[in-house]
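# Observations on the three-dimensional arrangement
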Amino acid sequence: MRELTELECTVLGVLAKFGPQSPYAVRRHFADSPATRFSASTGSIYPSLKRLEEAGLVESRESARGRQARREVSITAAGKKALRRWLAGPPGREEFDAPPDPLRTRLYFLGLLSRAKQEEFLDGALSALREQLDQSEAYLGSSGSQGPEGLSRLAARGAVFATRARIQWLEEVRRKLLGG
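The structure presented is a predicted model; accordingly, all values stated were derived computationally and were not measured. Sequence order as written defines the numbering, with residues in each chain counted from 1. In view of the model being predicted, local features appear only for residues whose pLDDT reaches at least 70, and side-chain atom pairs are presented and counted only at 80 or more, with totals across whole chains, interfaces and linings using the full set of residues. Hydrogens and water are ignored here; the side-chain numbers use all heavy atoms of the structure.

## Remarks on a nonpolar patch on the surface
Side chains of Tyr108, Phe109 and Leu112 sit close together on the surface and give an oily, nonpolar patch of about 430 Å² of accessible area. Among the structural elements, Leu112 can be located in the loop between α5 (102-108) and α6 (115-141). Exposure above 30% relative accessible area and the lack of any salt bridge qualify a residue for a patch; like charges then connect within 9 Å, and the nonpolar side chains Val, Leu, Ile, Met, Phe, Trp and Tyr within 5 Å. Areas reported here follow the Shrake-Rupley algorithm with a probe of radius 1.4 Å; residue values treat only the protein chains shown as occluding. Any carboxyl oxygen of Asp or Glu within 4 Å of a side-chain nitrogen of Lys or Arg constitutes a salt bridge here. Secondary structure is summarised from DSSP: a helix means a run of H or I of at least four residues, a strand means a run of E of at least two, and numbering begins at the N terminus for each.

Okay, structure coming up:
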């Protein structure tokens, strides 16, 4: 069997943790999560579910919900085994390397822009990061059965800390490049 991608393993984790769901609900989980590593697009989640089903790691069935039928996906015993193997396996070097970061890449080339455009870029990036921080903090502060609990709360706190660190880094870049 081929090596599963991190996205596929994450999809398995969502199904194991939250139970059978429609493909749309799986996609919404990614869209609503403060973790921005994976795209919640139909072009990434649905093909992942299809590959997982072809590998026998998830299964789908039609279920009636109200007056409309929908497809529901659940993790199989083989999927749970693959998920446990991924979770318990030794972390690879890629889990500790700085992941590809389009913001860091663009910053590397920022000197090719005028000072005014550099300022515009940095202000826009800081604004977007502050908005992301607000969303992550709101997610973390949510309560009830839909809110983060236990290990989910700790993972969400990681997103808050990482976003704060990125803001601090960009503020430092802004001060060094533009002063003040």
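Let's pick the thread back up.
## Details of a positive patch on the surface
Counting rule applied: Lys, Arg positive; Asp, Glu negative; His and chain ends not counted. By convention, the charge on Lys lies at NZ, on Arg at CZ, on Asp at CG and on Glu at CD. A cluster of like positive charges, contributed by Lys80, Lys81, Arg84 and Arg85, occupies part of the molecular surface. Among the secondary structure elements, Arg84 is positioned in helix α4 (residues 77-88). Here the term buried applies to any residue with accessible area under 20% of the maximum for its type, exposed to any over 50%, and partly exposed to those in between, with areas from a 1.4 Å probe on protein chains only. According to the relative accessible area criterion, Arg84 is exposed, its value standing at 51%.

## Quick word on the confidence of the model for the chain
Scored between 0 and 100, pLDDT is the confidence that the predictor attaches to each residue. When pLDDT is averaged across the chain, the result is 84; 83% of the residues are at 70 or more. Ranking the elements of the chain by mean pLDDT puts strand β1 (residues 58-65) last with 83 and α4 first with 92.

## Structural notes on the pattern of salt bridges
According to the stated counting rule, one finds 13 salt bridges in the structure shown. Among the ionic pairs, Arg70 bridges to Glu72, the shortest N-O distance being 3.4 Å. Residue class for Arg70 comes out partly exposed when judged on its relative accessible area of 24%. Linking Arg166 and Asp101 is a salt bridge whose minimum nitrogen-to-oxygen distance equals 2.6 Å. Taken as a pair, Arg166 in helix α7 (residues 150-178) and Asp101 in the loop between α4 and α5 lie far apart in primary sequence, 65 residues in all. Bridged by salt links that share partners, the residues Arg61, Arg70 and Glu72 form one connected network.

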